[in-house]
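Single-letter residue listing:
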Amino acid sequence: MSYPEQLPYPEPRYHGDKGEVNAVFRPADTPADVSSPGGSTHFLATHASTGGEFGLYKAELGPRSAGARTHFHKAMSESFYVLSGELELYDGEKWVTGRAGDFLYVPVGGLHAFKNVTDEPMSMLMLFSPGAPREEYFERVAEVAQRGGEELEQFRVRHDSYFVD
């Protein structure tokens, strides 16, 4: 197989000659950043730690967890990678069952939803690109949802989450 001489790589953003020591390690036994009766979220790589390139979160949903209803994002894509258990994923047209190793990519503007309908817990990675400061969303969504109304709508819009049902 031959490859063209000029590959479409992004323009360089690092202009040094020696490289830098700047990697960030997060041990597997780091406690969850947000915990609730329905599950927990680990902030693996945040908007701040990646310079806005992406956000990566590990979410663990308990049995029969509601997840998130159908929504879309105007500023970022969202991807789901199932680590363990099963997760019902809505791809904008139909619900599919995601199992360990399954992946769903949702481009900007794509309708999507997810929920755990089983009696077992599940875990997944969620990747947002470009990165956004999602941490407050995960920390406060349950609290703000309980109050509902205009405050909830403003909270969702501030966090680029547009629900349709």
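Note: the structure precedes this text.
Residues numbered from 1 in each chain as written. Predicted model: local features only at pLDDT ≥ 70, side-chain atom pairs only at ≥ 80, totals over all residues. Heavy atoms only, no water.

## A closer look at the overall build of the protein
From N to C terminus, the protein includes two helices and 11 strands. Its helices and strands taken in sequence order, the protein reads β-β-β-β-β-β-β-β-β-β-α-α-β from the N to the C terminus. Its C-alpha atoms put the protein at 50 × 35 × 35 Å along the principal axes. Every one of the 165 residues in the protein was classed for burial, and the buried ones make up 35%. Put simply, 63% of the contacts in the protein that link residues at least 6 apart link residues at least 24 apart. Here the protein displays about 10,500 Å² of accessible surface, and carbon together with sulfur accounts for 55% of that area. (Helix = DSSP H or I, 4+ residues; strand = E, 2+ residues; numbered from the N terminus. Buried < 20%, exposed > 50% of the residue type's maximum accessible area, 1.4 Å probe, protein only. Contact = heavy atoms within 4.5 Å. Areas by Shrake-Rupley, 256 points an atom, 1.4 Å probe, with all protein chains shown as cover.)

## Digging into a nonpolar patch on the surface
Taken together, the side chains of Met 1, Tyr 3, Leu 7 and Tyr 9 define a hydrophobic patch exposed on the protein surface, amounting to about 620 Å² of accessible area. Mapped onto the elements, Met 1 comes out in the segment before strand S1 (34–36). Residue classification places Met 1 among the exposed residues on the basis of a relative accessible area of 89%. (Patch = residues over 30% accessible without salt bridge, like charges linked within 9 Å, V, L, I, M, F, W, Y side chains within 5 Å. Salt bridge = Lys/Arg side-chain N within 4 Å of Asp/Glu carboxyl O.)

## What about the sheet that holds strand S9 (residues 112–115)?
Pairing in this open sheet of five strands is antiparallel, and the strands run S7-S6-S9-S4-S11 from one edge to the other. What marks the edges here is a single partner per strand, and that holds for strand S7 (95–99) and strand S11 (162–163). Across three bridges, the pairing between strand S6 (residues 86–90) and S9 is antiparallel. Bridging across to S9, Leu 89 finds its partner in Phe 114. (Pairing = 2+ DSSP bridges.)

## Focus on the sheet that holds strand S3 (residues 55–61)
Read across the open sheet, the six strands follow the order S1-S2-S3-S10-S5-S8; overall the sheet is antiparallel. Each edge of the open sheet carries a strand with a single partner, namely S1 and strand S8 (103–106). Neighbour-to-neighbour, the strand axes of the sheet open up by a mean angle of 15°, direction not taken into account. (Axes fitted to C-alpha atoms, helices over the stretch in contact; angles between N-to-C directions.)

## Focus: the layout of surface pockets
One number sums up the size of the largest pocket: a volume of about 840 Å³. Lining the largest pocket are 32 residues, and of these Gly 67, Ala 68, Tyr 137, Val 141 and Ala 142 sit closest to its centre. Listing elements by their share of the lining of the largest pocket, those giving two or more residues are S1, strand S2 (39–45), S3, strand S4 (68–72), strand S10 (122–129), helix H1 (135–147) and helix H2 (149–158). For the lining of the largest pocket, the element with the most residues is H1, which contributes six residues. (1 Å grid on protein atoms, 1.4 Å probe; cavity = no way out; pocket = protein on both sides within 12 Å on 5 of 7 lines; lining within 4 Å. Points joined across faces, edges and corners; volume = space filled by probe spheres on them.)

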